[in-house]
Amino acid sequence: MKKALMYLLLAFGIILGVLFVGGAVIGFVAGFIDGFQGNETGTTSVLNMMTVGGCCMILVLALVLNWVFLRLGYASYSVGRIPQNVRWKVILALAMAMSGLAVLYCIVYNPIIEPDGTIITEPDSTTRKTFLWMKTHPLVSIPMIIVIEATANLVIYGAVLREILEWKHRPAIVITVYAIIMVLVSKLYNSPLLILPAFMMAMLEGWVYEYSRSVIPVIIGDVVFWLVWLFLMGTVLSGAWFILVALLVIPGACITLRLMEPYKPID
């Protein structure tokens, strides 16, 4: 447990350090551009600076986190316990379930759509513009999504959750508590309506990691989720789409876990 806390603090410290230095560099560059062009301070496009600077900081942060956690042996991108002949079946079934969860997210929260076209409205114009930019620039946003998900899952699942499960192998309790914490940290600020799908996603990914002991299927599942969400973003989805959600999520999750169940770690 002490190692899990150490991993969290280490990752948090690296993130704060990169954000602090990166923010200072972005501010300096923006001021330099304004001065060079003879503009008043602050006239440089905030969205453009955030886009370019944010992408650079993501890449630097990912490189540092990967280097530290892989170099020191705290986590790995190993293929895990699932045999090769079962691996792709697991990935396809997981992609099916994550696609359904992405559809559910779009029904509830579609940040670039008109306010009356989704359950949750998006009052923040900056957030709306950010998601719109991601959808209209897939050649940049998709690689960034892959980098973010690979790095985040390496730290969260490959280091922190792995260490907790090795310290106290009670997966039903550990994964449930982990899912609750992840939901509270990442979704409570947005809307309570997102708590259930976020909890479902965290539980599914937690059990996938428990059975496989590999971050690779979790990364693939998250990337599929984002790709489907980006594709559907901006489309009005009626309540009838809940049927598609059920047809994708329920069998997809059941097949995923059933395929991996024979290879799960033994208490």
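Residues numbered from 1 in each chain as written. Predicted model: local features only at pLDDT ≥ 70, side-chain atom pairs only at ≥ 80, totals over all residues. Heavy atoms only, no water.

**Quick notes on the side chain of S99**
The topology assignment puts S99 in helix α3 (residues 84-108). By relative accessible area, S99 is classed as buried at 17%. Ignoring sequence-local partners within four residues, the contact set of S99 consists of V224, V228 and L248. (Helix = DSSP H or I, 4+ residues; strand = E, 2+ residues; numbered from the N terminus. Buried < 20%, exposed > 50% of the residue type's maximum accessible area, 1.4 Å probe, protein only. Contact = heavy atoms within 4.5 Å.)

**A short note on unusual backbone geometry**
Generally, phi is negative for residues other than glycine and the peptide bonds are trans, each holding for most cases. Notably, R213 is not glycine yet its phi reads approximately 55°, a positive angle. Within the element layout of this structure, R213 appears in the loop between α7 (195-212) and α8 (216-232).

**Comments concerning the packing of α3 against α7**
Taken N-terminus to C-terminus, the directions of α3 and α7 make an angle of 165°; their axes are 10 Å apart at the nearest point. As judged from the angle between their axes, α3 and α7 are roughly antiparallel. For the pair α3 and α7, the crossing hand works out as left-handed. In contact with L94, A97, M98, L101, L104 and Y105 of α3, α7 contributes P197, A198, M200, M201, L204, E205 and V208. Looking at side-chain class alone, the contact of α3 with α7 contains 12 nonpolar, no polar and one charged residues. (Axes fitted to C-alpha atoms, helices over the stretch in contact; angles between N-to-C directions. Parallel < 35°, antiparallel > 145°, perpendicular 65-115°, else oblique. Left-handed = near helix turned anticlockwise from the far one by under 90°. Nonpolar A, V, L, I, M, F, W, Y, C, P; charged D, E, K, R; others polar.)

**Quick look at the nonpolar core**
One finds F225 and W229 to be the most contacted residues of the largest nonpolar core, which totals 58 residues. Breaking this core down by element, the ones donating at least two residues are α3, α4 (125-136), α5 (138-167), α6 (171-186), α7, α8 and α9 (241-260). What F225 contacts, discounting residues up to four positions off in sequence, is M98, L101, A102, Y105 and M201. With 11 residues, the next largest nonpolar core counts V68, F69, L154 and A159 among its residues. (Core = buried A, V, L, I, M, F, W, Y, C linked by side-chain atoms within 4.5 Å.)

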